[in-house]
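# Reading the structure
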There are 2 protein chains.
Amino acid sequence: MYDIIKSNPIFDGVSEEQLKKIFKKIHYRIIKYSKGESVFTESNFKSSMGIILSGMVEAQKLHYSGKVIILNRMAKGEVLGISALFNNKSYYPSRLVAKNNCKILFISQEELIKIFEMDFNILQRYLSFISDKIYFLNKRIEGFTYESIYERVLCFLENERERQNNQDEIIIKYSKQELAEYLCISRASLYRVLNELAKEGLIKWEKNKIRYL
Amino acid sequence: MYDIIKSNPIFDGVSEEQLKKIFKKIHYRIIKYSKGESVFTESNFKSSMGIILSGMVEAQKLHYSGKVIILNRMAKGEVLGISALFNNKSYYPSRLVAKNNCKILFISQEELIKIFEMDFNILQRYLSFISDKIYFLNKRIEGFTYESIYERVLCFLENERERQNNQDEIIIKYSKQELAEYLCISRASLYRVLNELAKEGLIKWEKNKIRYL
């Protein structure tokens with residue numbers, strides 16, 4: 001468990017010994033979800049931070065039309081529930097659904113504060129983590145402001161590359177169909193742009209990886 | 001100055017006496033900007049939190065095409081610079097430009113940490129403030145996922161109303177032309193939807209105010 005928690009930037013750099021000490025002092029819950037089960041709904045959620053110990057969780061939005069839109073996807077080691085922490089919102093901005101069987105560790109807001117009081121470094125990492133989150137949400141909004149689909153895809157790829165530490169090979173958590181939905185463009189348009197980018201010698205898409213050339 | 005600082009949710013509820021005590025102990029800078037001047041650019045920015053003491057600041061993005069897009073607009077009492085706090089980003093996600101003559105108080109990251117150590121309540125309010133920010137950024141992204149322009153405008157109005165404490169009359173910081181840009185739709189489409197909503201008896205738009213009926 002501790003190796004997964006440590007893989008999250010909030011707890012990265014904390015020694016396993018220190019982490020064990022902290023988790024002995026606080027209350028937390030580990031909950032299992034089956035594939036398709038709701039973790040949070042818009043009206044039914046906890047003021048807790050979740051750390052995904054196994055499986056994948058999808059943030060979805062049900063449109064008025066009944067269409068389900070993927071807003072985000074979180075994998076092992078990633079954190080969820082930030083939007084409902086430290087505020088008194090009556091609604092969660094999306095529905096979180098277990099994409100496959102999941103195990104999630106939940107730390108309530110009160111216990112999180114205890115952790116911050118115990119270790120000021122973790123607080124600083126938490127602040128850094130949410131600043132990053134705001135940074136990338138702003139970048140995602142930027143993507144939507146592009147009228148041309150070519151620019152929108154390019155913007156997504158640039159952001160993903162930055163998020164994955166500017167590596168030459170990045171992993172895409174979405175299938176092409178899902179990515180098209182995520183970017184709110186048609187699958188045909190996505191294929192067209194990816195082919196253009198490949199022809200221009202900029203990228204190569206292999207299964208769930210994109211290699212920058 | 002203190003009444004403006006107190007109008008920000010991060011310092012809301014802190015007594016003026018306590019606020020004065022805190023600001024005596026920390027270093028801060030007040031900088032004046034003339035209309036059109038850059039506060040932050042993508043590559044030239046500070047790891048500081050700015051509180052707008054007077055004037056208005058616009059977060060803009062220059063598209064590859066040369067078109068300037070409004071990403072956000074911050075007024076007196078509002079905070080800027082959160083995306084570059086507590087992380088080591090080399091770029092700021094947008095350009096912040098003084099929309100008119102502005103006075104901004106800057107508190108560096110180091111001094112902000114001092115404030116948090118002095119008053120844990122302010123830290124909690126800061127955490128609450130950035131959770132709210134994430135909440136509304138997610139809601140804005142949701143808006144972009146709607147294919148129909150009617151739903152996109154409706155989603156914007158719902159979010160603004162929620163942000164302004166569900167009041168029956170809300171203030172819109174944008175002209176109709178600017179709002180159309182903000183929503184990435186044409187001005188004609190925006191007018192059409194607003195007329196539809198007025199016809200349906202849902203809202204009434206008066207100058208910079210929208211009244212819910």
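Residues numbered from 1 in each chain as written. Chains lettered and ligands numbered in written order. Predicted model: local features only at pLDDT ≥ 70, side-chain atom pairs only at ≥ 80, totals over all residues. Heavy atoms only, no water.

### With respect to the environment of Tyr-33 of chain B
All names here are of chain B. Note that Tyr-33 resides in strand S1 (residues 29-33). Of the residues examined, Tyr-33 reaches a relative accessible area of 7% and is grouped as buried. Along the chain, Tyr-33 and Asn-121 lie 88 residues apart, while their C-alpha atoms are 31 Å from each other. In contact with Tyr-33, other than residues within four places in its own chain, are Ser-38, Val-39, Lys-46, Ala-98, Asn-100, Asn-101, Cys-102, Ile-104 and Phe-106. (Helix = DSSP H or I, 4+ residues; strand = E, 2+ residues; numbered from the N terminus. Buried < 20%, exposed > 50% of the residue type's maximum accessible area, 1.4 Å probe, protein only. Contact = heavy atoms within 4.5 Å.)

### Notes on the UniProt feature "domain: Cyclic nucleotide-binding" (unreviewed entry) in chain A
Mapped onto this numbering, the UniProt entry gives "domain: Cyclic nucleotide-binding" (unreviewed entry) at residues 10-133 of chain A. Secondary structure within residues 10-133 of chain A divides into 27% helix and 33% strand; the distance between the first and last C-alpha atoms comes to 12 Å. (UniProt positions renumbered as here; feature names shortened; annotations may be inferred.)

### Considering helix H7 (residues 187-199) of chain A
Residues and elements named next belong to chain A. Given a rise of 1.5 Å per residue, 13 residues ought to cover 18 Å, and the 18 Å separating the end C-alpha atoms of H7 matches this to within 8%. Three or more residues of H7 are buried, namely Ser-189, Leu-190, Val-193, Leu-194 and Leu-197. One side of H7 carries all its buried residues, which in axial view fall inside an arc of 130 degrees. In H7, those exposed residues whose orientation departs by more than 90 degrees from the buried face are Ala-188 and Lys-199. Contacts made by the buried residues of H7 are with helix H5 (149-163), helix H6 (176-182) and strand S10 (203-206). Backbone geometry just downstream of H7 places Gly-201 in the positive-phi region, at approximately 75 degrees. (Expected span 1.5 Å × (residues − 1). Arc of directions from axis to C-beta.)

### Thoughts on the domain arrangement of chain A
Residues and elements named next belong to chain A. Annotation of chain A at the domain level lists domain 1 (2-129) and domain 2 (146-212). In this structure, domain 1 and domain 2 have C-alpha centres spaced 27 Å apart. Taken together, the eight residues of domain 1 in the interface contact five residues of domain 2. For the pair domain 1 and domain 2, the two sides together bury roughly 640 Å², of which 48% comes from carbon and sulfur. The largest contributions to the domain 1 side of the interface with domain 2 come from Ile-69, Ile-70 and Arg-73, which together make up 66% of the buried area. If you look at where domain 1 meets domain 2, you find three salt bridges. (Domains from an automatic or database assignment. Buried area = accessible area lost by both parts, 1.4 Å probe. Salt bridge = Lys/Arg side-chain N within 4 Å of Asp/Glu carboxyl O.)

### Digging into the relation of the copies chain A and chain B
When chain A is fitted to chain B, the best match, at an RMSD of 0.0 Å, comes from turning it 180 degrees and sliding it 0.0 Å along the axis. The symmetry that links the two subunits is that of a two-fold axis. In this assembly the copies share their binding face: 100% of the residues contributing to the interface of chain A also contribute to that of chain B. (Least-squares fit on C-alpha atoms with pLDDT ≥ 70 in both.)

### Remarks on the sheet that holds strand S8 (residues 102-108) of chain B
Residue and element names in this part refer to chain B. Read across the open sheet, the four strands follow the order S1-S8-S3-S6; overall the sheet is antiparallel. Here the strands that pair on one side only, and so sit at the sheet edges, are S1 and strand S6 (79-80). By the bridge criterion, six bridges tie strand S3 (residues 48-54) to S8 in an arrangement that is antiparallel. Counted as the bridge partner of Ser-54 is Lys-103 from S8. (Pairing = 2+ DSSP bridges.)

### Quick notes on the pattern of salt bridges
Following the criterion strictly, the structure yields 36 salt bridges over all chains and no others. For Arg-73 of chain A, the salt bridge goes to Glu-178 of chain A, with nearest N and O atoms at 2.8 Å. Pair noted here: Arg-73 of chain A is in strand S5 (residues 68-74) and Glu-178 of chain A is in helix H6, with a separation of 105 residues, a long-range link. Taking the shortest distance from any N to any O, the salt bridge between Lys-99 of chain B and Glu-58 of chain B comes out at 3.6 Å.

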